[in-house]
Amino acid sequence: MRIILTAACAVLLGLTGISDLFAQEPTGATVHCPTCGQVMPASFHFCSNCGTNLENVPRDSAPTVTTTTSVTRNEHGAVTHSTTTTTTKKSFQFSDIFRNPLGGHGSALSDQPAPLALKGFPERPKPIVEIGLSPFLGSGPIAPGFVIPTGAVWQPDFIVFGTARSALQTFDSGNGKGQITEWANRLDLYGNLYFTPTERILIGFRPLDRDGLDYSGYRFDPPPQRLKNDLNAYITTLFLQGDFGELFPRLDPNDTKNLDYQFAVGRQPLSFEDGIMINEDVIDAVGITRTSLFGLGASALRTTALFAWNELNRNDNLRDNSARLFGLFSSADYDKATIDLDLAFVSADDYTGGDGAYIGVGDTQRIGLLNSTTRINASFALDRETPAVSTGVLLFQQFSMTLPDSEDIVYLDGFWGIADYSSAARGGDRGGPLGQTGILFAAQGLGSYGAPLGNRANDAVGLALGYQRFLGSKDRQIVFEVGGRVATRDPRFFSEDQPNEIAAAVRYQMKLNQHMVLVLDVFVGAPEDNDTAYGLRSELLLKF
Amino acid sequence: MWTKINLVSLTLGAVALIVPTVGFAQAASPTPVPPSTPAAVAPATTNSDDDLLAPAAGTKPAAAAPSSDDDLLAPSSGAQPAAAAPSSGDDLLLPSSAGAPNEPMPDQIVLPGNAPPVPKPANPHAAGDAAAAHAQLLVENKFPSASTCATCHPTQFRQWSVSQHAYAQLSPVFNAFQATVDKMTAGTNGDFCIRCHTQVGMDLKEPILISNMDRNPTSREGITCISCHRVKYNYGKVSGRFAVQRGDIFDPVYGPRGDANLKKVLAQPDKFQVVTKRGDVGRAIHTKVIKFDPLEKSGFCGDCHDVNLLNGFRLEEAFTQFKNSPANKRGETCQDCHMGKIPGIKSGYAFGPAAMVGDQPTPPRKLTDHRFAGPDFSVIHPGLFPFNVKAQQLATMREWLQFDYKAGWGTDAFENKAPTDYKFPTRWQAIDDRYDARAILNEQFAKLEEINLQRYQILRRGFQLHQFVLEQNDARGIKFKVKVANGTDGHGAPTGFDLDRAYFLQVKVTDRHGRVIFASGDRDPNGDVRYSESAYVHNRQLPFDKYLFTLQGKSIVTLLRGGETVQVIPVNQSIDPLPYVRPATNADALIGRSAGARKHAVVIPPGSFRWADYTVDRKLLTGDGPYKVNLKFITQMVPVNLLRTIAETGFDYNMSPKSIAENLVERCQTLWDKTIVLPPRPIEVNLTPTNRQILAPPTKPFQPESKGAKSLEVPAAKVATSE
C-alpha cells in the first residue's frame, strides 16, 4: 500500500512539475579543478585531467543570461527598442537555498516604461443570478433608488453566489477503524439581498451535506459501496445586518448624533480568537458593534456585544438547545500591535453540559520581519466538567516570515494545552480549537477526511513547521508541513483520537481559471502505538 | 483497498495532467546596496528656518517668483471664464469666431453646441473625426463636462481643476492599483474603487482598465462637478455606489442654496444672454437649481469617504472617525475645514458671486473652496493636469506627453539656442506652438504651486511636532523622544487611505563633524523607508529600521498558517489562490473586518499624540560632541513599494515605476524640520507650532519648472468673508 502511495505521489509530483523544485543544480553548472584549472561539469567527482578529488570543491552555478530591452522615444516621439544581452556567472551561496528561484525580482525599481497590460485583463465574472437596479460591482448605470419612510435610500439588488467543492479522497487515521475512500461533495449556496451597501439580508444553504457530518457522494470503502444522498433544504444562514444610523437617517439629519451602531440578527457563522473560543457555522444570534472608536488610546477600537439563543453547539460539537451565549468581543489597533480581548459566558442546563465562562486575549504584531500572533484562552466550567465545558488554558503561538527575494512563507506554530480547555461554541464540523496550528491539525470540511493530527487541546503540546512556496505567481502554490503533538498527562486518559503522533503533509493548490481551483493533499503520519496514518485527496473547487 | 487507492491516484494523475510544468529560473544574485540616489536623499536637503538651537544646513527658501518670460499668453484670472479668455495676442489659442465646424479629438473637451463662445480646435493637429465628436456630444448630453460648467463658474472650475477630486481618475498610480486588485481577484473586485474615481466613466460602461487617454473627456475628469451636483439623494455610507443623474446642461442641478440667484439671471435673459431651451442660440444654462441641503453636511462626504468593501474589508474610515470626534460634537462639518478659507481649520467662508454669466457676476453669497487640498499630488505631465481648457484645445493628451518641457521647449533660453536640426515631434515643430504650450504650462505650474501651498498648510495643521525630550546624553548613550501630535480633532491623522500614506519621522544624529552616527526614517535606494515593505529590507540588503516612526497603516492578510503578515495589497492569496470578492458570508458588521484581510490602523486619534522613542547606543558615539538631532516629519502621497507591487499591470502614459517613484520622492513635503543641539543634561523643548508657522509657505517648489510662474491666487483683499 505504501509503495502505491509513494508511486502515486511521485507520478503526481512529476506530472505537476513540482519535481522541478528539487532540482538544485541547473544545467550548465561547472566545477573548477583547484589543481590544474580544468573546467568540468558539476557532476564530476574527480578531475578529468589530473584526477584531483572534487567532492569538496564548490560548484559554480550556471551562467545567468540577462536580456534587457530598452524602450525609448526619439526626438520625434517614435518608440525605439534596443536589446542587450549580458552573461554573468553566479557563484552559489548558502543563502541561495532560501531564495525563491521563481519569485525573485531584485530590489531596484525598473526605469523602463511599463505600458498598461490590457491583454488578459479579467472581465468581471457575473454572479449566476443578478437581479436589481445596479450591476454587482460592475460598470454601468446605478439606479437612483427610492426613499423609505425612515429616510434611507434603498437600491435593492439580489445576487446568488457560492462555492461548490468535489473531492475524491482516501483517509486512514491509523487507529484501526480502517480506510475510508469516497467521493464527497459540498455546495455552499447564498442569496444576498442588498438594500444599501450597509444593509442586507443573506440566506444560505448547504444542500449537499447535513450538519457538516454527512456529504452527498459515493462511498467506495469501507464496504458496502453505495451512493450517498444527503440532499436537504436546511437554511444554514439567514441574517439581517445593517447600520442603525444608516437605516434611520431621519433621526440624525445633521450627522451629529453618532448613531453608527452596526448590528446583525439571525442565523449566522461566528468566529472569534482565530476560531479558538468560538467557531460556529450555524448559530442564531444578535449583535451590536461600534467601530472606529478612539478609546483606550487606540488608533481604532471595535467592540461587539452579542447574544446567541439557538443552534449553539458546545465544545463537544454537539448542539445544546438549552444553551445561551453572551459575549463581549473587542479588538484594538495600537502602534505596534493589535490586541483582542474577548469574553463569553454560556448558560445551559446542568444536565446538558452546564455553564461556562471564557476569556481570550490575543496579541498580533510584527517583530522586525517576524510575524507573531499570541493567543491565551481560558475556559472555566462553572458547574461540573463535562465534554461540553471544562476548565483549562490554551496557549497558542504563531510565527511566520516572508523569505527574501520571494513571497514564500515559513511558519512555526505551537500550542500548549493546560488541563482541558474548552471552546464556548464549536460547530458540528469544526473539530477542536487547534485547527490554526497547521494544515495537519485541520479537517478538510468535506467528507470524512479528518485532521491528520488531533486538534483537541487537552493536556498536550504540539507544533507545526511549514513552508508555503509560491510557484512563480501566487495562484500556484505548494505547502510542506511537518508537525506533531505529545500528551502531557497520564496516557491512560488519552483519547484514542488524540494520540502522540508526528506527521508530514504536502498541499498543492492552483487556480485553474477564473472560477476553479485544484487542491491536492497528501499526508502520512506515525501515531504512537497505532498503524501508519495516511491520506490522499484531490479536490476541485468552483466559485461562482 | 489498493484498488481504491489506485483509483484515487489515477484520478489525481489525470487531473494533474492539466497542470503546467513549473519552470526553474535562477534567482537574481543579491547586489550590494548602492548609495542613495539623489532622488532618495532629496528631502533630506530640504530645510526650514525654524530650527531651535542651531541653524541647519540647507537651501534658502525659494526666491520670490520673477515674472514670466513668456508674454504670449496672459494668465487667465480667476474671474475670467476659462472658455472666453481675453485676447492675449495669441492667435492660436483663442476660439475662432468664424464658423469652421467644431471637430474635436476624442480627448478634447466639447462645450455645449449652442453656447457661445464655442471654442473650436485651435490647430489642425487637434482635429478629430466627426464620429468621435458625435460620441462626445452624446455623452455631453448625459453628463456635462466640468469645462461646460467653467463657462459660468470659472472660479469653482479653476479651484476644482487642481484638486485631488480632479486628479482622482488621471492618477496612473490609482489606475495601476485598481487594475492590480482586479487582477488579483480574478476580476471580481469589478468597479469597486474606480466607481468613485470616475462615476461618469463607470456609468458609461467604460472598461475598468483602459488608458485615460482613451476615455471620454468627462469620465477622465474624475470626481467632476456633476459627481456632487447631479446627485439626487443623500445616500449615506454607500462607498460611492450612488447614482449621478443624467441630463444635459439645461437639466436641473443640485445646490445648497436653491435657485434664488438663478431666477434673477433667468429673469433677465437679454442682459445675461442665456437660453433655456435646447436649440436656441445663446449661453446655455441649467434651468433650475434644486435645493439640496446635504451638500453642506458631513454625511454627503460620507457617501464616498467611508469605504467598506462588500466582503467586509474596512478600507477607509474618515467619516466614521469624524462622527466619533470632538469636532463633530462641536457641530463642525467636513466642509467647514475642507472648503473654507483656510485649509484644515474652521475659518469661515469666502463671500462673492457664485457665477459669472458672461461678464455679469451673480449676487454675492457664501462661497466654498473646491480645491479640497489633501495629501495627493500630481506625478504626471503638467500639460495633462491641472485640467485646463486651453491645454485641451491646443493639443491632445498624447501630444502633450511629447512636449519636453523639462528641456525648456517654448522658453527663450531653449529656443534661442536650439540647433536648427533639432528634431521635434510633428505636433511641436512650429515654434509658435511651443511658445503657446509653454505659456499654458506656466499657468499650470502656478496652479500646482498654489495647491502645493494649500497641501502644505493642511498637512502642517494635521501633523505637528509638539515636544522634544532629551532623557539621556552621556557616555552610556543618548535617549530622546519626540511628541508627534494630531493637530486636528476632526479625524485621525492620517485618515482616509491611510494604508498607503507614507508619513514618517526622519531622524539623524550627527556629531560635531557632521558625521551621521544614527539614522531612522532614512530611505533605501528606491525611496522607501527601511521597513518590511522595502524591497531592500525584505531582501536583507538593508537592515530593518526598528526605530521607525511611521503613521502608515498596515495592510494585513491572514496566512494559510502562521498568523498574519503585512502585504502591500490586502488580497489574500495565501489561503486561497483564487480570491473572490463576494458578499461576506458572515455578519461582517460584527467583526469589522473581512475574513482573510484587514487594516491595522496606526493613526493618531483626533487631538491626541504619540511618542517616538529613540536610543543611540553608546557604541555608536564618536566622542566628538556636541551631538545634534535633526528631526524631519515627511509626508508622501504613497510609498514607493506600492509602485513596485502594482507595476505588473502597467502605468498609464507609459510611465516607468522609477520615474513615478522619483516624482513621489521629489514632491514629498517636509512639514517640519528641527535641529537641536544636545546639552549634556536632560531637557525638554517645546516644538508646538504657532498658527503663523503652520500657514508658512513651503520651502521648496512643487517642481523646479515652477520657478518664474505667476501666482493666480485671487488677492485676499478682493474676497469678502462671511464671518
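Rules used throughout
Residues numbered from 1 in each chain as written. Chains lettered and ligands numbered in written order. Predicted model: local features only at pLDDT ≥ 70, side-chain atom pairs only at ≥ 80, totals over all residues. Heavy atoms only, no water. Helix = DSSP H or I, 4+ residues; strand = E, 2+ residues; numbered from the N terminus. Buried < 20%, exposed > 50% of the residue type's maximum accessible area, 1.4 Å probe, protein only. Contact = heavy atoms within 4.5 Å. Areas by Shrake-Rupley, 256 points an atom, 1.4 Å probe, with all protein chains shown as cover. Buried area = accessible area lost by both parts, 1.4 Å probe. Salt bridge = Lys/Arg side-chain N within 4 Å of Asp/Glu carboxyl O. Nonpolar A, V, L, I, M, F, W, Y, C, P; charged D, E, K, R; others polar. Pairing = 2+ DSSP bridges. Axes fitted to C-alpha atoms, helices over the stretch in contact; angles between N-to-C directions. Polar contact = N/O pair within 3.5 Å; in protein donor to acceptor, adjacent residues only side chain to side chain. Patch = residues over 30% accessible without salt bridge, like charges linked within 9 Å, V, L, I, M, F, W, Y side chains within 5 Å. Core = buried A, V, L, I, M, F, W, Y, C linked by side-chain atoms within 4.5 Å. pLDDT = per-residue confidence, 0-100. Expected span 1.5 Å × (residues − 1).

It is worth spelling out the overall build of chain A at this point. Secondary structure summary: chain A contains 2 helices and 30 strands in total. Looking at chain A as a whole, 53% of its 544 residues qualify as buried. The long-range fraction of contacts in chain A, counting pairs at least 24 apart against all pairs at least 6 apart in sequence, stands at 55%. As displayed, chain A has an accessible area near 22700 Å², and 62% of this comes from carbon and sulfur atoms.

Looking now at the interface of chain B and chain A. Counting residues at the interface gives 141 residues for chain B and 168 residues for chain A. Counting the surface lost from both chain B and chain A, the interface buries some 12700 Å², and carbon and sulfur atoms represent 60% of this. Viewed at the interface, chain A and chain B are joined by 7 salt bridges. Ranked by residues supplied to the side of chain B that touches chain A, first place goes to helix H1 (residues 2–16) of chain B with 12 residues. A breakdown of the residues in the side of chain B that touches chain A according to their chemical character gives 66 nonpolar, 44 polar and 31 charged.

Turning our attention to the environment of A:Gly356. Residues and elements named next belong to chain A. Looking at the secondary structure, you find glycine 356 in strand S21 (residues 356–367). Owing to a relative accessible area of 0%, glycine 356 belongs among the buried residues under this scheme. Not counting the four nearest positions on each side in its chain, glycine 356 is found in contact with Arg314, Ala344, Phe345, Val346, Phe380, Leu382 and Val389.

What follows covers the sheet that holds strand S9 (residues 463–474) of chain B. Residue and element names in this part refer to chain B. With antiparallel pairing, the 4 strands of this open sheet are ordered in space as S17-S10-S9-S20. Strands at the two margins of the open sheet, each flanked by one partner only, are strand S17 (609–617) and strand S20 (683–686). Adjacent strand axes in the sheet meet at a mean angle of 15°, parallel and antiparallel pairs treated alike. In this structure, S9 lies alongside strand S10 (residues 477–486), joined through 10 bridges in antiparallel fashion. Paired with glutamine 464 across the two strands is alanine 485, which belongs to S10. Across the sheet, helix H20 (residues 431–462) lies against S9 and S10, angled at about 55° from S9, the strand it touches most.

Each regular strand displays side chains that alternate between the two surfaces of the sheet. All names here are of chain A. Here strand S24 (residues 409–419) pairs with strand S26 (residues 460–470) via 9 bridges, running antiparallel. Directly across from isoleucine 409, in S26, lies its bridge partner glutamine 468. Bridge analysis of S26 against strand S27 (residues 476–487) gives 11 bridges, and the strand direction is antiparallel. Following the sheet pairing, alanine 464 is matched in S27 by glycine 483. Taking the residues that link successive antiparallel strands as the turn, the S26-S27 hairpin has 5 residues, and the phi of glycine 472 there is positive, at about 85°.

This brings us to the pattern of salt bridges. Residues and elements named next belong to chain A. Counted according to the given criterion, the structure contains 62 salt bridges over all chains. A salt bridge links lysine 474 to glutamate 407, with the shortest nitrogen-to-oxygen separation between them at 3.8 Å. Highlighted residues: lysine 474 in the loop between S26 and S27 and glutamate 407 in the loop between strand S23 (392–402) and S24, separated in sequence by 67 residues. For lysine 474, a relative accessible area of 16% translates into the label buried. Glutamate 407 gets classed as partly exposed once you look at its relative accessible area, which sits at 44%.

Let's shift gears to the pairing of strand S18 (residues 300–310) of chain A. Residues and elements named next belong to chain A. Where strand S17 (residues 278–293) and S18 come together, 8 bridges link them in antiparallel fashion. Bridged to leucine 293 within S18 is leucine 301. Remark: 6 residues form the turn of the hairpin made by S17 and S18, two consecutive strands paired antiparallel; leucine 296 in that turn has positive phi of roughly 60°.

Residues and elements named next belong to chain A. Position of aspartate 320 among the secondary structure elements: in the loop between S18 and strand S19 (324–333). When its relative accessible area of 3% is taken as the criterion, aspartate 320 is described as buried. Once you skip the residues sitting within four places of it in the chain, aspartate 320 turns out to touch Leu312, Arg314, Ala348, Thr352 and Gly353. A polar contact is formed between the side chain of aspartate 320 and the side chain of serine 322, at a distance of 2.7 Å.

Consider a sheet: its strands pair through backbone hydrogen bonds, and that pairing is either parallel or antiparallel. Residue and element names in this part refer to chain B. Strands sit in the order S15-S14-S16 across an open sheet of 3 strands; the sheet is antiparallel. Every other strand in the sheet has two partners, leaving strand S15 (564–566) and strand S16 (597–600) as the edge strands with one partner each. Neighbouring strand axes in the sheet, compared pairwise and without regard to direction, differ in orientation by 30° on average. Pairing of strand S14 (residues 554–558) with S16, which is carried by 4 bridges, proceeds in the antiparallel orientation. Counted as the bridge partner of valine 557 is alanine 597 from S16.

On to a nonpolar patch on the surface, then. Residues and elements named next belong to chain A. On the surface, a nonpolar cluster with roughly 680 Å² of combined accessible area is contributed by Leu328, Ile339, Leu341, Leu343, Ile359, Val361, Ile376, Phe380 and Leu382. At the level of elements, strand S20 (337–347), S21 and strand S22 (370–381) are the ones that each hand at least two residues to the nonpolar patch. A per-element tally of the nonpolar patch places S20 first, with 3 residues. With respect to the helices and strands, the residue leucine 343 is situated in strand S20. Here leucine 343 falls in the partly exposed class, since its relative accessible area comes to 34%.

Moving on, we come to the nonpolar core. Residue and element names in this part refer to chain B. Counting 174 residues, the largest nonpolar core has Trp400, Phe468, Phe480, Val482, Leu505 and Phe633 as the members making the most contacts within it. Excluding residues within four positions of it along the chain, phenylalanine 468 makes contact with Phe480, Lys481, Val482, Val629, Leu631, Ile676, Leu678, Ile683, Glu684, Val685 and Leu687. The next biggest cluster of nonpolar side chains, apart from the first, holds 16 residues, and it includes Tyr235, Val238, Ala243 and Val244.

With that settled, the discussion passes to the confidence of the model for chain A. All names here are of chain A. Residues with a pLDDT of 70 or more make up 79% of chain A, whose mean pLDDT is 85. Long-range and interchain partners of residues 62–92, a stretch whose pLDDT sits below 50, account for 67 contacts in this model, where long-range means more than four residues apart. Note that pLDDT drops below 50 for residues 94–104; the model gives that stretch 32 contacts with residues more than four away or on any other chain.

Further remarks concern H20(B). Its 32 residues place the ends of H20(B) 46 Å apart at the C-alpha level, agreeing with the 46 Å of an ideal helix rising 1.5 Å per residue. In terms of burial, H20(B) is a largely internal element, 29 of the 32 residues being buried.

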